[in-house]
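Structural overview
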Amino acid sequence: MNLGQALFMGLLQGATELFPVSSLGHAVLIPSLLHWSFKQSDPSFLPFLVLLHLGTAGALLFIYRTEWVAIIRGFFAAAFRGRIESPPERLAMLLMVGTIPAAILGVFLETRIKSLFASPYVAAGFLVVNGLLMLGFEQLRRHAERRAALESKPRVEQEENFAEAERITFRAAALVGACQALAFVPGISRSGVTIGGGLLAGLRHQEAARFSFLLATPVILAAGVLEVPQLFSGGVPVGEYIAGAVLSGAAAYVSARFLLRYFRSGRLDPYGWYCVAAGLVSLGLLALHL
Amino acid sequence: MKSTPVALGFVILAVVFLVVAALYALGVLQIFASTSGPHIKHAILFAVLAVASLIAANFTREKVV
């Protein structure tokens, strides 16, 4: 992999990890469509992915740095007290409950699922499925808005009628967390399914995105840190990889800022339509061997 | 749900998870592992589950006021 490819992959990973469009799907599809010679399944590619994920996790930690301090303090306070007394303590426990199913499924199933579905055709097909899921989540939200007689109100007012992340139930947090495992399938977006899960649980769009990003941080960080020894294996072009990781972190930072602003009144629909279109176009290009 | 038997159940579960974590770390346990040898990821996961079980035990035990 040359420097240009490393920077491109860093930018792609950082941007698509947080947008509900599947980073893994894009990482499988785009090199294949560009006829790049490196293989994602190659062992030397793993250290690169590790660094890219650490870049993304670093950006998320930076954005939510003050919140994470409150969450960590809240976690220890509630854990030792055996009782939740404040919103940060509740959020800390919700994140723990949401992270456990993702961690269990990740440790036991991630490698198997990824190797089973690591084909550009499968990634393109599931990108279409991901798009339909996003559109479906929004349809269900619109039903909820109609039930609450909110359809004639401005978007910001509609959103105010839904809850903040701290109000989600523990059962919903566990379900949203478990949904993250779907993202091991290339084409299915981790942030997409968790934001969608948050919407189904009655959260505002912006709060669903915030919960999704907070939920992602420990998982992405742990997955990256646990693979750090891979970086010290021989033949790793460290300079190119680090440059890609820095760009990945910068792209993730800009993406997260954009999405949090966008979801004040925006919906998942544009990303849903993008995934459907990108998946169908990719399937066409792959079928025609272009 | 505050109940001493439930809290005790979580403590027992935590001990089981710790034992499983140790067995994975030592490479004795190979269930759900793709390669042979120690499995640090699996060991860390079960250690985290043990901590979560202890927290659950603390939440469910009856508090003395």
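These remarks concern the structure in this document. (Residues numbered from 1 in each chain as written. Chains lettered and ligands numbered in written order. Predicted model: local features only at pLDDT ≥ 70, side-chain atom pairs only at ≥ 80, totals over all residues. Heavy atoms only, no water.)

As a further point, take helix H8 (residues 170-179) of chain A. In an α-helix, one full turn covers 3.6 residues, which means residues spaced three or four apart are oriented alike. Residue and element names in this part refer to chain A. If you check which residues of H8 are buried, you get Ala172, Ala173, Val176 and Gly177. The buried residues of H8 all sit within an arc of 135° when viewed along its axis, so they share a single face. Within H8, the exposed residues directed more than 90 degrees away from the buried face are Arg171 and Leu175. (Buried < 20%, exposed > 50% of the residue type's maximum accessible area, 1.4 Å probe, protein only. Helix = DSSP H or I, 4+ residues; strand = E, 2+ residues; numbered from the N terminus. Arc of directions from axis to C-beta.)

Turning our eyes to something else, we now look at the state of the cysteines. Residue and element names in this part refer to chain A. A full pass over the atoms with the stated rule returns zero disulfides over all chains. Of all cysteine sulfurs, the one in cysteine 275 lies closest to cysteine 179, which takes part in no disulfide; the gap is 16 Å. Accessibility expressed as a relative area gives 25% for cysteine 179, which makes it partly exposed. On the basis of relative accessibility, which here comes to 0%, the residue cysteine 275 falls in the buried class. (Disulfide = S-S within 2.5 Å.)

Attention shifts here to the packing of aromatic side chains. One pair of aromatic rings is described through two measures. These are the centre distance and the angle between the planes. Residue and element names in this part refer to chain A. The full count for this structure, using the stated rule, is 14 aromatic pairs over all chains. On the numbers, 5.9 Å between centres and 50° between planes, the contact of phenylalanine 62 with tyrosine 253 is tilted. With phenylalanine 62 in helix H3 (residues 46-63) and tyrosine 253 in helix H11 (residues 238-262), the pair connects residues that are 191 residues apart, well separated along the chain. The ring centre of phenylalanine 62 lies 4.2 Å from the NZ or CZ of arginine 65, which sits over that ring. The ring of phenylalanine 162 has arginine 141 sitting right over it, with the charged end atom 3.7 Å from the ring centre. (Phe/Tyr/Trp six-rings, centres within 6.5 Å; stacked < 30°, edge-to-face > 60°. Lys NZ or Arg CZ within 6 Å of the ring centre and 35° of its normal.)

Turning to the side chain of A:Ser248, a few remarks are in order. All names here are of chain A. Position of serine 248 relative to the elements: it lies in helix H11. Judged by relative accessible area, which is 0%, serine 248 ranks as buried. Here leucine 52 takes part through its backbone oxygen, which lies 3.1 Å from a polar atom of the side chain of serine 248. Residues within four places of serine 248 in sequence aside, it is in contact with Gly10, Gln13, Gly14, Leu52 and Thr56. (Polar contact = N/O pair within 3.5 Å; in protein donor to acceptor, adjacent residues only side chain to side chain. Contact = heavy atoms within 4.5 Å.)

Residues and elements named next belong to chain A. Counted according to the given criterion, the structure contains 14 salt bridges over all chains. Of the charged contacts in the structure, one is a salt bridge between glutamate 145 and arginine 267, with a shortest N-O distance of 2.8 Å. Of the two residues, glutamate 145 sits in helix H6 (residues 120-147) while arginine 267 sits in the loop between H11 and helix H12 (269-287), which places them 122 residues apart along the sequence. The buried category is assigned to arginine 267, whose relative accessible area is 11%. A cluster of three or more residues bridged by salt bridges with shared partners is formed by Glu138, Arg141, Glu145, Arg155, Glu159 and Arg267. (Salt bridge = Lys/Arg side-chain N within 4 Å of Asp/Glu carboxyl O.)

Take the interface of chain A and chain B next. In this complex, chain A contributes 18 residues to the contact, which on the side of chain B involves 15 residues. Both sides of the chain A and chain B interface together cover about 1400 Å² of buried area, and 75% of this is carbon and sulfur. Contact with chain B buries surface across chain A, with A:Val107, A:Phe108 and A:Leu226 losing the most and accounting together for 36% of the total. The interface formed by chain A and chain B includes zero salt bridges. Scanning the region where chain A abuts chain B turns up two residue pairs in polar contact (both at pLDDT 80 or more). Going through the elements one at a time, helix H4 (65-81) and helix H5 (87-117) of chain A are the ones with two or more residues in the side of chain A that touches chain B. With eight residues, the top contributor of residues to the side of chain A that touches chain B is H5(A). Class assignment of the residues belonging to the side of chain A that touches chain B gives a composition of 13 nonpolar, one polar and four charged. (Buried area = accessible area lost by both parts, 1.4 Å probe. Nonpolar A, V, L, I, M, F, W, Y, C, P; charged D, E, K, R; others polar.)

Moving on to the environment of A:Ala208. All names here are of chain A. For alanine 208, the position within the fold is in helix H10 (residues 205-226). Since its relative accessible area comes to 1%, alanine 208 is described here as buried. Contact partners of alanine 208, with chain neighbours within four places excluded, come to Ile195, Gly198, Leu199 and Leu203.

This paragraph deals with H11(A). Its 25 residues place the ends of H11(A) 35 Å apart at the C-alpha level, agreeing with the 36 Å of an ideal helix rising 1.5 Å per residue. Among all positions in H11(A), only A:Tyr241, A:Gly244, A:Ala245, A:Ser248, A:Gly249, A:Ala251, A:Ala252, A:Ser255, A:Ala256, A:Leu259 and A:Leu260 are buried. (Expected span 1.5 Å × (residues − 1).)

It is worth spelling out the packing of H6(A) against helix H9 (residues 190-200) of chain A at this point. All names here are of chain A. Contact geometry of H6 with H9 gives a least axis separation of 9 Å together with a crossing angle of 15°. Overall, the two elements H6 and H9 adopt an arrangement that is roughly parallel. As H6 packs across H9, the resulting crossing turns out to be left-handed. Contact with H6, carried on its side by Leu133, Met134, Phe137, Glu138, Leu140 and Arg141, involves Gly192, Val193, Gly196, Gly197, Leu199 and Leu200 of H9 and no other residues of that element. (Axes fitted to C-alpha atoms, helices over the stretch in contact; angles between N-to-C directions. Parallel < 35°, antiparallel > 145°, perpendicular 65-115°, else oblique. Left-handed = near helix turned anticlockwise from the far one by under 90°.)

As a further point, take a nonpolar patch on the surface. Nonpolar side chains collect at one region of the surface, where A:Leu226, B:Ile40, B:Ile44 and B:Val48 lie side by side and expose about 310 Å² of accessible area between them. In terms of residues, the nonpolar patch owes the most to one element, helix H2 (residues 40-60) of chain B, which gives three residues. Among the secondary structure elements, A:Leu226 is positioned in helix H10. A:Leu226 sits in the partly exposed class, given a relative accessible area of 32%. (Patch = residues over 30% accessible without salt bridge, like charges linked within 9 Å, V, L, I, M, F, W, Y side chains within 5 Å. Areas by Shrake-Rupley, 256 points an atom, 1.4 Å probe, with all protein chains shown as cover.)

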